[in-house]
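# Coordinate inspection notes
The chain contents come next:
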Amino acid sequence: MSKLPRVSGRECVKALERAGFYFKRQEGSHIILRRDSPFAQIVVPDHKELDRGTLRAIIRQSGLSVDDFIKLL
């Protein structure tokens, strides 16, 4: 398993958009992304740097592996 990179919330959103997610809405500093098929909805905080645990949870919810996510960055 690859080591998680340090990324911002915006960089994470861009990578997830390349994986088929689209912007649904934003509530404060939280960006909600959605994918229709297979259905998934993910909340990404718009912070300068995401904590490792938060990033790992986002990757797990998206159904991607860490390596696949790194390739999308």
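Residues numbered from 1 in each chain as written. Predicted model: local features only at pLDDT ≥ 70, side-chain atom pairs only at ≥ 80, totals over all residues. Heavy atoms only, no water.

## Some remarks on helix H2 (residues 52-62)
For clarity, the cut-off: Relative accessibility under 20% of the residue-type maximum defines a buried residue, over 50% an exposed one, and the middle range a partly exposed one, all with a 1.4 Å probe and only protein chains included. Numbering of helices and strands runs from the N terminus, with a helix taken as a DSSP run of H or I at least four residues long and a strand as a DSSP run of E at least two residues long. Directions drawn from the helix axis to the C-beta atoms are what define this arc. Throughout, a residue-residue contact means that at least one pair of heavy atoms, one from each residue, lies within 4.5 Å.
The set of residues buried in H2 consists of Leu55, Ile58, Ile59 and Ser62. Down the axis of H2, the smallest arc covering the buried residues is 95°, so these residues share one side. Residues of H2 that are exposed and point over 90 degrees away from its buried face: Gly53 and Arg60. Taken together, the buried residues of H2 touch helix H1 (9-18), strand S2 (30-35), strand S3 (40-45) and helix H3 (66-72). A positive backbone phi angle near 85° is found at Gly63, which sits one or two residues after H2.

## Regarding unusual backbone geometry
A cis amide bond links Ser37 with the next residue in sequence, Pro38, at an omega value of -10°. Inspection of the secondary structure assignment puts Pro38 in the loop between S2 and S3.

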